Amino acid sequence: MNAKARLAAVLPARPHGESGWVGRVLTTGVVIAVLATARPDDHRVWIVLSAGLALFMAGTALMATRKHVALGLLTAVAVIGAATAGVDDSNALALVLVAVSDIAVMQFLRDGVVRGNRPIVAATICTAAAYAVSAWWFGHPDSWFFSQLLWTAVLIAFGLNRRQYEVQARQTEQLLEQSRLARSEHARAAALEERGRIARDLHDVLAHSLGALSVQLDVAEALLEERGDTAGALDRIRRSRRLAVQGLAEARNAVAALRADEVPELSHAIAVLAEQHENDHGTAVRLTVLGESQRSESGVTVALLGAAREALTNAAKHAPGRRSTSNWRTATASGCRCVTRERRVAKDSA
């Protein structure tokens, strides 16, 4: 579904303008009241007025569904009213005014754009010609003809102004709806990006925890199979249990960071991580933190902890039993740099 179709589906239809059916009913009531006060000398005029009123009501009803049919009916009403306006006390001008105002309000769209004023121009020309015929037939002076044109022009101007207002209101609604759709798409993209980040962070945490746990279990298995060292294997199993508990805590910290909850201060968290590595692997870790310790965003803290954890895990995996040295340098502008070494093996992550 394209953008225009989605907008059409969510925006309310207003085929009769802001006033809707209430305005049309009130207008019809006013016309009926005005025509009821007519006192034409020729009773056949009532037939013409009744036919004009019926056509007006039909054209008004079809403005929503059959605009071109409605245009034809309302133009016929305007012409009939203008031709009958020359009869004294006929009040046929009321039919002309309501018909041309409705025509002026109608919006004929092509590709979502209003197609100019050709319908109202054509209807005005036909109405003016009917006024001229009525003035000549019934012997009215030129002042009567121009006064009828003036009233008609005033109502046309009112209708065009109303149409312009409704077009601008509709465009404003479309802009607001487009903004809402854009915000919705942006929020959806942000949610997908956040899900990816959550998956990556949890993968890093679980990969470290399960990797360290696997190392401890392999050592325990080797102690049992090769040396029969039950006490040493039991100690490794206990370390494995601690690693599982620590992994669960780290996963909770990662989730807390993703929810923007409070997480430990970076330098303290790194010191705890180094201590845990010493206890789990039985190797010395020398930690040096250079620069001022500054509180970072929770997501940044978890990402840096993940880098340090990965570095220590690789040191234990590729150089077991060797002393590790981890140097952390923090700076406001350049960020943070970690260098972890175990004798000849080095791991850099920035």
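Residues numbered from 1 in each chain as written. Predicted model: local features only at pLDDT ≥ 70, side-chain atom pairs only at ≥ 80, totals over all residues. Heavy atoms only, no water.

Colleague: Quick question: what am I supposed to make of the overall build of the protein chain here?
Modeller: From N to C terminus, the protein chain includes 10 helices and six strands. Of all 350 residues assigned to the protein chain, the portion counted as buried reaches 37%. In the protein chain, 67% of the contacts between residues at least 6 apart in sequence involve partners at least 24 apart. Accessible surface, the protein chain: about 20,400 Å² in total, of which carbon and sulfur atoms supply 59%. (Helix = DSSP H or I, 4+ residues; strand = E, 2+ residues; numbered from the N terminus. Buried < 20%, exposed > 50% of the residue type's maximum accessible area, 1.4 Å probe, protein only. Contact = heavy atoms within 4.5 Å. Areas by Shrake-Rupley, 256 points an atom, 1.4 Å probe, with all protein chains shown as cover.)

Colleague: What's the story with the nonpolar core in this structure? I'm lost.
Modeller: Across soluble globular proteins, nonpolar side chains show a tendency to be buried alongside one another. If you look at the biggest cluster of nonpolar residues, it comprises 36 residues, and the most contacted ones within it are Leu49, Met106 and Tyr131. Secondary-structure elements contributing two or more residues to this core are helix H2 (20-36), helix H3 (44-61), helix H4 (67-84), helix H5 (93-105), helix H6 (118-138) and helix H7 (142-227). With residues up to four places along the chain from it excluded, the contact list for Met106 reads Met63, Lys67, Ala70, Leu71, Leu74 and Arg163. (Core = buried A, V, L, I, M, F, W, Y, C linked by side-chain atoms within 4.5 Å.)

Colleague: Explanation requested: a nonpolar patch on the surface in the structure shown.
Modeller: Judged by side-chain polarity, Val133, Trp136, Trp137 and Phe138 come together as a nonpolar surface patch covering roughly 540 Å² of accessible area. Along the polypeptide, Trp137 turns up in helix H6. (Patch = residues over 30% accessible without salt bridge, like charges linked within 9 Å, V, L, I, M, F, W, Y side chains within 5 Å. Salt bridge = Lys/Arg side-chain N within 4 Å of Asp/Glu carboxyl O.)

Colleague: I tried to follow H7 on my own but got confused; where do I start?
Modeller: Along an α-helix, a turn takes 3.6 residues, which lines up residues three or four apart on a common side. If you check H7, its first and last C-alpha atoms are 125 Å apart, about what 86 residues at 1.5 Å a residue would give, namely 128 Å. Two residues or fewer after H7 comes Gly228, characterised by a positive phi angle close to 65°. (Expected span 1.5 Å × (residues − 1).)

Colleague: I would appreciate a short explanation of the packing of H3 against H5 in the present structure.
Modeller: A pair of packed helices can be characterised by two numbers: the angle between their axes and the separation between those axes. At a closest axis distance of 11 Å, the pairing of H3 and H5 adopts a crossing angle of 20°. Between H3 and H5, the interaxial angle falls into the category roughly parallel. For the crossing formed where H3 meets H5, the hand is left-handed. Contacts from Leu49, Gly52, Leu53, Phe56 and Thr60 in H3 reach Leu95, Val98, Ala99 and Asp102 in H5. (Axes fitted to C-alpha atoms, helices over the stretch in contact; angles between N-to-C directions. Parallel < 35°, antiparallel > 145°, perpendicular 65-115°, else oblique. Left-handed = near helix turned anticlockwise from the far one by under 90°.)

Colleague: Would you mind showing me how to read the packing of aromatic side chains here?
Modeller: Both the distance between ring centres and the angle between the ring planes are used here to describe each pair of aromatic rings. According to the stated counting rule, one finds three aromatic pairs in the structure shown. For the ring pair Phe145 and Phe146, a centre distance of 5.3 Å and an interplane angle of 70° mean the geometry is edge-to-face. (Phe/Tyr/Trp six-rings, centres within 6.5 Å; stacked < 30°, edge-to-face > 60°.)

Colleague: Which parts of the structure should I look at to understand the pattern of salt bridges?
Modeller: Think of it this way: side chains of opposite charge can pair up when their charged atoms draw near. Summed over all chains, the structure comprises three salt bridges. With its nearest N and O atoms 2.9 Å apart, the salt bridge here joins Asp42 to Arg44. Of the residues examined, Asp42 reaches a relative accessible area of 31% and is grouped as partly exposed.

Colleague: Which parts of the structure should I look at to understand the packing of H4 against H5?
Modeller: Here H4 crosses H5 at 150°, and the two axes come no closer than 8 Å. In terms of their interaxial angle, H4 and H5 are classed as roughly antiparallel. As for how H4 packs across H5, the hand of that crossing is left-handed. On the side of H4, the interface is formed by Leu71, Leu74, Thr75, Val77, Ala78, Gly81 and Ala82, while H5 contributes Leu95, Val96, Ala99, Val100, Asp102 and Ile103. Taken together, the residues that form the contact of H4 with H5 break down as 10 nonpolar, two polar and one charged. (Nonpolar A, V, L, I, M, F, W, Y, C, P; charged D, E, K, R; others polar.)

Colleague: Got a minute to help me understand a negative patch on the surface in this structure?
Modeller: A cluster of acidic side chains, namely Asp218, Glu221, Glu225 and Glu226, defines a negative patch on the protein surface. Structurally, the position occupied by Asp218 is in helix H7. (Lys, Arg positive; Asp, Glu negative; His and termini not counted. Charge placed at Lys NZ, Arg CZ, Asp CG, Glu CD.)

Colleague: Is there a simple way to think about the confidence of the model for the protein chain in this case?
Modeller: Any residue range with low pLDDT should be treated as having predicted coordinates unsuitable for detailed reading. Summing up the model confidence of the protein chain, the mean pLDDT is 75 and the portion of residues at 70 or higher is 73%. Of all helices and strands in the protein chain, the one with the weakest mean pLDDT is strand S6 (residues 345-349) (40), whereas H4 scores best (90). Below a pLDDT of 50 lies the segment residues 1-19, which in the model reaches 30 contacts outside its immediate sequence neighbourhood of four places, other chains included. This stretch, residues 331-335, has a pLDDT under 50; its non-local contacts, to residues over four places away or in other chains, come to three contacts. (pLDDT = per-residue confidence, 0-100.)

Colleague: How should I be thinking about H4 in this particular structure?
Modeller: Between its first and last C-alpha atoms H4 spans 25 Å; for 18 residues at 1.5 Å apiece the expected length is 26 Å, and the two agree. Restricting attention to buried positions, one finds in H4 the residues Ala70, Leu71, Leu74, Thr75, Val77, Ala78, Gly81, Ala82 and Thr84. Along its buried surface, H4 packs onto H3, H5 and H6.

Colleague: Looking at this structure, I do not really get the environment of Phe146. What am I missing?
Modeller: Here Phe146 shows up in helix H7. For the pair Phe146 and Ala132, spaced 14 residues apart in the sequence, the C-alpha separation amounts to 9.5 Å.

Colleague: Quick question: what am I supposed to make of the side chain of Thr75 here?
Modeller: Here Thr75 is to be found in helix H4. At 2.7 Å, the side chain of Thr75 forms a polar contact with the backbone oxygen of Leu71. (Polar contact = N/O pair within 3.5 Å; in protein donor to acceptor, adjacent residues only side chain to side chain.)

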